[in-house]
Amino acid sequence: RSSRNPPRPPHSPVASVICQKSIFVSGAAAGIGREVALKFYNAGWIVGAFDIDDAALSDLAKDHPGIITGHLDVTKYGDWEKALADFTSHTGGTLDVLDNNAGIIVDGDITDQSPEQIAAQVDVNCTGLTLGARAAHAYLKNTPGAHLVNMCSASAIYGQPHIAPYSASKFFVYGMTQALDREWRKDDIRVVALMPLWAKTKLADVKAASVKRLGVRITPEQVADKVWEAVHEGKRRRF
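In this text the structure is predicted, and so the values were computed from the model without any measurement.

**Section: the sheet that holds strand E3 (residues 68-71)**
- A sheet is described by the order of its strands in space; here six strands give the open sequence E3-E2-E1-E4-E5-E6, paired in parallel fashion. Taken across any chain shown, the strands that pair with only one partner, and hence form the sheet edges, are E3 and strand E6 (189-194). The sheet shows a mean angle of 15° between the axes of neighbouring strands, direction not considered.
- With respect to the sheet, helix H5 (residues 164-183) is in contact with strand E5 (146-151) and E6, its orientation differing from that of E6 by roughly 160°.

Structure follows, in structure tokens:
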């Protein structure tokens, strides 16, 4: 794959640039997405961190100038096309991993959530994730052994009260992951879903019953470690 010859990030002094891999992370301005970006960046990958929070991305870029940052509203397909084209201009046109991380949550009984809040969760968590997969496919299929990682949730195991639209949206994510893992086998793209319990991020700052019952014990760094493991375990685990 000699087309990959961008410079190494400043923190990586010397290494073969031919094998340098790349990951694009949505929702990377904070929380799990940020930690995933840092995990792979510190391992020498070419990292794209994209989000709607331009201020937080600016801070990330100041601290880690080798990370490629940019604006991305995952609900807009044009944003996906522009962001992926920008990022892959730094990778020789290839993409090893898309981390479909962006997501939002609103807590409260469904009758207490506004129609706009309900629609936004479906739009970001379901439509945004699907648009990202579609937009990234052309790059992933040209990169042998590529991965699509969808951030799911343990709330997709059984529907959770007080966060019903969010929980249901994660069932969608799990179903989409199963379908695409089979659909994209012909393209040598492995599709996986991560289903963590509550992690210590702003997303867990809700009054859902499961937060009280299970607690918030997982760190974003631990989830980032699992993303790393997921894209390094080969082709063994299939639906």
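**A closer look at the confidence of the model for the protein chain**
- Residue-level pLDDT values for the protein chain average 86, and 81% of them are 70 or greater.
- Low pLDDT, under 50, characterises residues 1-18; the predicted model gives this stretch 33 contacts beyond four residues in sequence or across chains.

**Examining the pattern of salt bridges**
- For the structure shown, the criterion picks out six salt bridges.
- A salt bridge links Glu229 to Lys226; the nearest nitrogen and oxygen atoms lie 3.3 Å apart. Pair noted here: Glu229 and Lys226 are both in helix H7 (residues 220-230), with a separation of three residues, about one helical turn.
- For Glu229, a relative accessible area of 40% translates into the label partly exposed.
- Under the relative-accessibility criterion, Lys226 is labelled partly exposed at 48%.

**Let's talk about unusual backbone geometry**
- Backbone geometry at His162 places phi at a positive 75°, although glycine is not the residue there.
- Its relative accessible area of 32% is what places His162 among the partly exposed residues.
- With a phi angle near 60°, Asp188 is a residue other than glycine that sits in the positive phi range.
- Relative to the helices and strands, Asp188 resides in the loop between H5 and E6.
- Exposure remark for Asp188: the relative accessible area of 33% places this residue in the partly exposed category.

**Concerning the packing of aromatic side chains**
- A full pass over the atoms with the stated rule returns six aromatic pairs.
- Between Phe24 and Phe87, the ring centres sit 5.9 Å apart and the planes meet at 70°, which makes this aromatic pair edge-to-face. Of this pair, Phe24 sits in strand E1 (residues 22-26) while Phe87 sits in helix H3 (residues 77-88), and the two are 63 residues apart along the sequence.
- On the basis of relative accessibility, which here comes to 0%, the residue Phe24 falls in the buried class.
- By relative accessible area, Phe87 is classed as buried at 0%.
- On the basis of an interplanar angle of 80° and a centroid distance of 4.8 Å, the ring pair of Phe40 and Trp45 is categorised as edge-to-face. There is no split in this pair, since Phe40 and Trp45 are both buried.
- By the ring-pair criterion, three or more aromatic residues cluster together here, those being Phe24, Phe50, Trp80 and Phe87.

Calculation rules
Residues numbered from 1 in each chain as written. Predicted model: local features only at pLDDT ≥ 70, side-chain atom pairs only at ≥ 80, totals over all residues. Heavy atoms only, no water. Pairing = 2+ DSSP bridges. Helix = DSSP H or I, 4+ residues; strand = E, 2+ residues; numbered from the N terminus. Axes fitted to C-alpha atoms, helices over the stretch in contact; angles between N-to-C directions. Contact = heavy atoms within 4.5 Å. pLDDT = per-residue confidence, 0-100. Salt bridge = Lys/Arg side-chain N within 4 Å of Asp/Glu carboxyl O. Buried < 20%, exposed > 50% of the residue type's maximum accessible area, 1.4 Å probe, protein only. Phe/Tyr/Trp six-rings, centres within 6.5 Å; stacked < 30°, edge-to-face > 60°.

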